[in-house]
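# A structural walkthrough
Chain by chain, the residues:
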Amino acid sequence: MYRFFEQLSSRIAAPFMGERSRNSKVWHCRCGQSLFFRNSQCLACSAALGYQPQQSRLSSLQPGPQADTWLLDADPDAGVFRRCANLDSPAACNWLLPANDHDGLCTACSLNRTIPDLSIPENHERWRKVEIAKRRLVAQLFSLGLQVIPKTVDEEAGLAFDFIGIDLEGKPPTTGHANGLITLDIKEADDAHREQVRVQMHEPYRTLLGHFRHEVGHYYWDRLVANSHWLEPFRGLFGDERESYAEALERHYQQGAPLDWQQYYVSAYATMHPWEDWAETWAHYLHMMDAVDTALGFGMSAQEMDFDYQPFPPSTLFDPQHPGGPAFLSFVNAWIELAGMLNELSRSMGQPDFYPFVLPPAVIAKLHFIHLVIQQEGGRADEVLAQ
């Protein structure tokens, strides 16, 4: 019997959290009401709310010294802020930006190159859903210490999003990533459409947030791995990315995944090409980090659960001798127990498993590799585990 979620809470989480995790998903209004990531107004006292991405916190607001400026109740000395210009749009953005910023859009909204055609009534709700997922993604990237640079600032190395529909010839857009531009068919925000595609693609799990985490993985591969000292270790672990992507794509859709794929990959799609293996594993790393951190923020514990999962030993890590290895293993083993608990909760409601995946030892090594890459770039990945 192993209780690694309890271990993570006591051995790893407590020193980092202090009173509350820096990456908590629940905050409190000045009136004491609990606040959540999406909120723009307190439901109890109607106070205006704003999310400060640099500090990963949501705060109730007090009027600032000039019109349309605000001060944080959580930290009045943090400076003067404005609310994002997209607050009153269908995107309903609740993020803040410094009052002296010349742009009216927050960091997350400034990543948009193309927004949906709002003359189409259905696109209002679609855009709202898409922006909720994108803000959650960007907030997590900040919390990990990763750079988020809009293409409007750096066209070559920046990140941007196109949220578009069918063209004038009736053709749907090609969803994916290319040179920092992530394109999404806005119909992906329709639950029925996304479920239909999920079934057609034989995917056990398909969400807007999952899609963004996958595609941004391609972007960070270009930024962090290509032309770096990580490239050769990447090839040894994930495979040689110089293999023809077009041929790999055709082979995957003609032949499917190898029969033994579950021993080496996090998903069937990850078998298609080393780039897709990286992006799929990257997305799962972000899933795991966010879910465990959220569970800790809500005080969830598996200490009363009798799970018989065999913990992963240090030998499964990409670098078994790395000093942060024990903390990473505690995180992974905590995730296994948490996912088991949440899967049972889903089943009790007649829903599909919360996390319908099995993580073999080969995937743990890949997850650790990604963790080390992020840690070197941002310096906060180990901090998150240490909280």
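All chains use their own residue numbering, which begins from 1 and follows the written sequence. Totals for whole chains, interfaces and linings use all residues, but because this is a predicted model, local features are given only for residues with pLDDT of at least 70 and pairs of side-chain atoms are given and counted only at 80 or more. Heavy atoms throughout the structure, all of them, feed into the side-chain values; hydrogens and water do not.

Only strands that DSSP links by at least two bridges are regarded as paired with each other. Helical segments are the DSSP runs of H or I of at least four residues, strand segments are the runs of E of at least two, and each set is numbered from the N terminus. With respect to topology, four strands assemble into an open sheet ordered E8-E9-E11-E10, the strand pairing being mixed. Two strands in the sheet have a free side with no partner beyond their single neighbour: strand E8 (112–114) and strand E10 (176–178). Each strand axis lies, on average, 25° off the axis of its neighbour in the sheet, ignoring direction. Strand direction decides the pairing type here: E8 and strand E9 (residues 160–164), joined by two bridges, are parallel. In the strand pairing of E9, Asn112 is matched with Phe161. In this analysis, axes come from line fits to C-alpha atoms, helices being fitted only over the stretch in contact, and the angle between any two N-to-C directions falls in the range 0 to 180 degrees.

Okay, the pattern of salt bridges next. For this document, the term salt bridge refers to a Lys or Arg side-chain nitrogen within 4 Å of an Asp or Glu carboxyl oxygen. Evaluation of the coordinates by the stated rule reveals 16 salt bridges. Notably, a salt bridge pairs Glu241 with Arg235, separated by 2.6 Å at the nearest N-O pair. Judged by relative accessible area, which is 16%, Arg235 ranks as buried. Connected through shared salt-bridge partners, Glu232, Arg235, Asp240, Glu241 and Arg242 make up one network. A 1.4 Å probe rolled over the protein chains alone gives each residue an accessible area, and that area as a share of the maximum for its type sets the label: buried under 20%, exposed over 50%, partly exposed in between.

Further remarks concern the packing of helix H4 (residues 208–225) against helix H7 (residues 274–297). Where H4 meets H7, the closest approach of the two axes is 8 Å, and the angle between their N-to-C directions is 115°. As for the relative orientation of H4 and H7, their crossing is right-handed in sense. Only Trp275, Glu276, Trp278, Ala279, Glu280, Trp282, Ala283, Leu286, His287 and Asp290 of H7 make contact with H4, whose side of the interface consists of Gly210, Arg213, His214, Val216, Gly217, His218, Tyr220, Trp221, Leu224 and Val225. By convention the crossing between two helices is left-handed if the near helix lies anticlockwise of the far one by an angle smaller than a right angle, and right-handed if it lies clockwise. It only takes one pair of heavy atoms within 4.5 Å for two residues to be counted as in contact.

Further remarks concern the packing of aromatic side chains. Note on ring pairs: Phe, Tyr and Trp rings are taken, using the six-membered ring of Trp, and paired if centres are within 6.5 Å. Classes follow the plane angle, with under 30 degrees stacked, over 60 edge-to-face and the rest tilted. Evaluation of the coordinates by the stated rule reveals 22 aromatic pairs. Here the aromatic rings of Phe234 and Phe238 are separated by 4.9 Å at their centres, their planes lie at 15°, and the arrangement is stacked. Taken together, the residues span about one helical turn, with Phe234 and Phe238 both in helix H5 (residues 231–238) at a distance of four residues. The residues Phe234 and Phe238 share a single accessibility class, namely buried.

What follows concerns the environment of Glu122. Inspection of the secondary structure puts Glu122 in helix H2 (residues 122–143). Judged by relative accessible area, Glu122 falls into the partly exposed class, the value being 46%. Taking the C-alpha atoms as reference points, Glu122 and Lys187, separated by 65 residues in sequence, lie 9.3 Å from one another.

Turning to helix H9 (residues 361–378), a few remarks are in order. Because each turn of an α-helix spans 3.6 residues, side chains separated by three or four positions end up pointing in the same direction. The terminal C-alpha atoms of H9 lie 26 Å apart, and with 18 residues this matches the ideal 26 Å at 1.5 Å per residue to within 8%. Extensive coverage of H9 is indicated by the burial of 13 of its 18 residues. A helix is expected to reach a length of 1.5 Å times the quantity of its residues less one.

With respect to the helices and strands, the residue Gln52 is situated in strand E3 (residues 49–52). Overall, Gln52 belongs to the buried group, its relative accessible area being 7%. Considered as a pair, Gln52 and Cys106 are 54 residues apart in the sequence and their alpha carbons are 9.6 Å apart. Setting aside chain neighbours within four positions, we find Gln52 in contact with Arg57, Leu72, Ala78, Phe81 and Leu96. Side-chain polar atoms of Gln52 contact the side chain of Arg57, separated by 2.7 Å. N or O atoms within 3.5 Å of each other form a polar contact, as long as, within protein, one can give a hydrogen and the other can take it, and as long as residues adjacent in sequence are counted only when both atoms are side-chain atoms.

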